[in-house]
Amino acid sequence: DIVMTQSQKFMSTSVGDRVNITCKASQYVRTAVAWFQQKPGQSPKVLIYLASNRHTGVPDRFTGSGSGTDFTLTINNVQSEDLADYFCLQHWNYPLTFGAGTKLELK
Amino acid sequence: DVQLVESGGGLVQPGESRKLSCAASGFTFSSFGMHWVRQAPEKGLEWVAYISSGSSTIYYSDTVKGRFTISRDNPKNTLFLQMTSLRSEDTAMYYCARVPWDYWGQGTTLTVSS
């Protein structure tokens, strides 16, 4: 199975900062990676699909990049509403696998 | 509007069975593959199963293979997850999600405990 490693379980930030949330695949997944945001008590919401494509309605401060095994979700000009859990997912091979998640918190 | 509404969760004892449903509306259900994803309390997301639009292709995670069965009734716009031999580690919020992950239900909670 492909392991998706989000090495930072927690990230501290301030409003207006830029943050990079990373995800590393244990093997090649081309660009078959999606990023999700989940707030407490809510279902996950897709932000980015195919590594770098922003889903409809997602603010352009969210950017995805990467291919192969290394992927990054960048949030520019962090807003208070961006404080949430972020998960990556590989859909290159079954079984599909999620990263363990990164919680974005205020400093 | 697209809606996915899960139901069927609750409290069950270890070893018992349960069937979850996901009622779809607002889109042509028969045209989309569907996933089940679960989330144990205070834990991350775990993909559980996938079924293609016409049910010809099905995949399971290793942790549920042989115990869970995904199915769908396209005329009734409903996705199912039949779960047997339930274990405490199956306790989670269960979500259905449409390919390509653009719509998720609100989830239904399953607790497996004696």
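One structure accompanies this document, and this report is about it. All of these numbers come straight from a predicted model, not from anything done at the bench.

With that settled, consider the overall build of chain B. On a plain count of helices and strands, chain B comes out with zero helices and 11 strands. For chain B, the sequential pattern of α-helices and β-strands runs β-β-β-β-β-β-β-β-β-β-β. Taken against the 2.2 N^0.38 rule, which gives 13 Å for 114 residues, the C-alpha radius of gyration of chain B at 13 Å falls within 12% of a compact globule. C-alpha extents for chain B along the principal axes are approximately 40 × 25 × 25 Å.

Turning next to the sheet that holds strand 8 (residues 70-75) of chain A. Taken together, the four strands give an open sheet; going across it, the order is 1-3-8-7 (chain A), and neighbouring strands pair in antiparallel fashion. At either end of the open sheet lies a strand with only one pairing partner, and these are strand 1 (4-5) and strand 7 (62-67) of chain A.

Here we come to the packing of aromatic side chains. Using the criterion set out here, one finds 14 aromatic pairs over all chains in the structure. Taken together, a centroid distance of 6.0 Å and an interplanar angle of 55° make the contact between F36 of chain A and F98 of chain A tilted. Of this pair, F36 of chain A sits in strand 4 (residues 33-38) while F98 of chain A sits in strand 10 (residues 97-98); the two residues are 62 residues apart in sequence, bridging distant segments of the chain. The residues F36 of chain A and F98 of chain A share a single accessibility class, namely buried. Between the aromatic rings of Y50 of chain B and Y59 of chain B, the centroid separation amounts to 6.2 Å while the plane-to-plane angle is 25°, which identifies the pairing as stacked. Site record: aromatic cluster; members linked through ring pairs are F36 and F98 of chain A together with Y95, W101 and W104 of chain B.

Most often, soluble globular proteins have nonpolar side chains that are buried together. One finds W36, L79, L81 and Y94 of chain B to be the most contacted residues of the largest nonpolar core, which totals 25 residues. Broken down by secondary-structure element, the contributors of at least two residues to this core are strand 3 (18-25), strand 4 (34-39), strand 5 (45-51), strand 7 (68-73), strand 8 (78-83), strand 9 (92-98) and strand 11 (108-112) of chain B. Not counting residues up to four positions away in its chain, the partners in contact with L79 of chain B are L20, S21, C22, F29, M34, H35, W36, I51, I70, S71, R72 and C96 of chain B. Within the second largest apolar cluster, 23 residues are counted, among which are C23, V29, A51 and C88 of chain A.

If you look at the interface, chain A gives 15 residues, while chain B gives 18 residues. Summing the contributions of chain A and of chain B, the shared interface buries around 1,300 Å²; its carbon and sulfur component is 69%. Broken down residue by residue, the surface that chain A buries against chain B is led by P44, Y94 and F98 of chain A, which jointly contribute 39%. Inspection of the region where chain A meets chain B yields zero salt bridges. Here chain A and chain B share three residue pairs in polar contact (both at pLDDT 80 or more) between them. Where the side of chain A that touches chain B is concerned, the elements lending two or more residues are strand 4 and strand 9 (85-90) of chain A.

Bringing the state of the cysteines into the picture now. A disulfide bridge is the covalent bond that connects two cysteines by way of their sulfur atoms. Enumeration according to the criterion identifies two disulfides over all chains in this entry. The disulfide partner of C23 of chain A is C88 of chain A, and the S-S distance across this bridge is 1.9 Å. Where C23 of chain A bonds to C88 of chain A through sulfur, the torsion about that S-S bond is close to 60°, and the disulfide is right-handed. Here the residue C23 of chain A occupies a position in strand 3 (residues 19-25), and C88 of chain A occupies one in strand 9, the gap between them amounting to 65 residues. Both residues of the pair, C23 of chain A and C88 of chain A, belong to the buried class. A sulfur-sulfur separation of 2.1 Å characterises the disulfide bridge that pairs C22 of chain B with C96 of chain B.

Once that is clear, we can look at the pairing of strand 2 (residues 10-13) of chain A. All names here are of chain A. Residues of strand 2 alternate between two faces, with M11 and T13 buried on one and F10 and S12 left unburied on the opposite face. As judged from the four bridges shared by strand 2 and strand 11 (residues 102-106), these two strands associate in the parallel manner. Among the inter-strand pairings, M11 is bridged to a residue of strand 11, identified as L104.

Criteria and cut-off values
Residues numbered from 1 in each chain as written. Chains lettered and ligands numbered in written order. Predicted model: local features only at pLDDT ≥ 70, side-chain atom pairs only at ≥ 80, totals over all residues. Heavy atoms only, no water. Helix = DSSP H or I, 4+ residues; strand = E, 2+ residues; numbered from the N terminus. Rg over C-alpha atoms; globule rule 2.2 N^0.38 Å. Pairing = 2+ DSSP bridges. Phe/Tyr/Trp six-rings, centres within 6.5 Å; stacked < 30°, edge-to-face > 60°. Buried < 20%, exposed > 50% of the residue type's maximum accessible area, 1.4 Å probe, protein only. Core = buried A, V, L, I, M, F, W, Y, C linked by side-chain atoms within 4.5 Å. Contact = heavy atoms within 4.5 Å. Buried area = accessible area lost by both parts, 1.4 Å probe. Salt bridge = Lys/Arg side-chain N within 4 Å of Asp/Glu carboxyl O. Polar contact = N/O pair within 3.5 Å; in protein donor to acceptor, adjacent residues only side chain to side chain. Disulfide = S-S within 2.5 Å.

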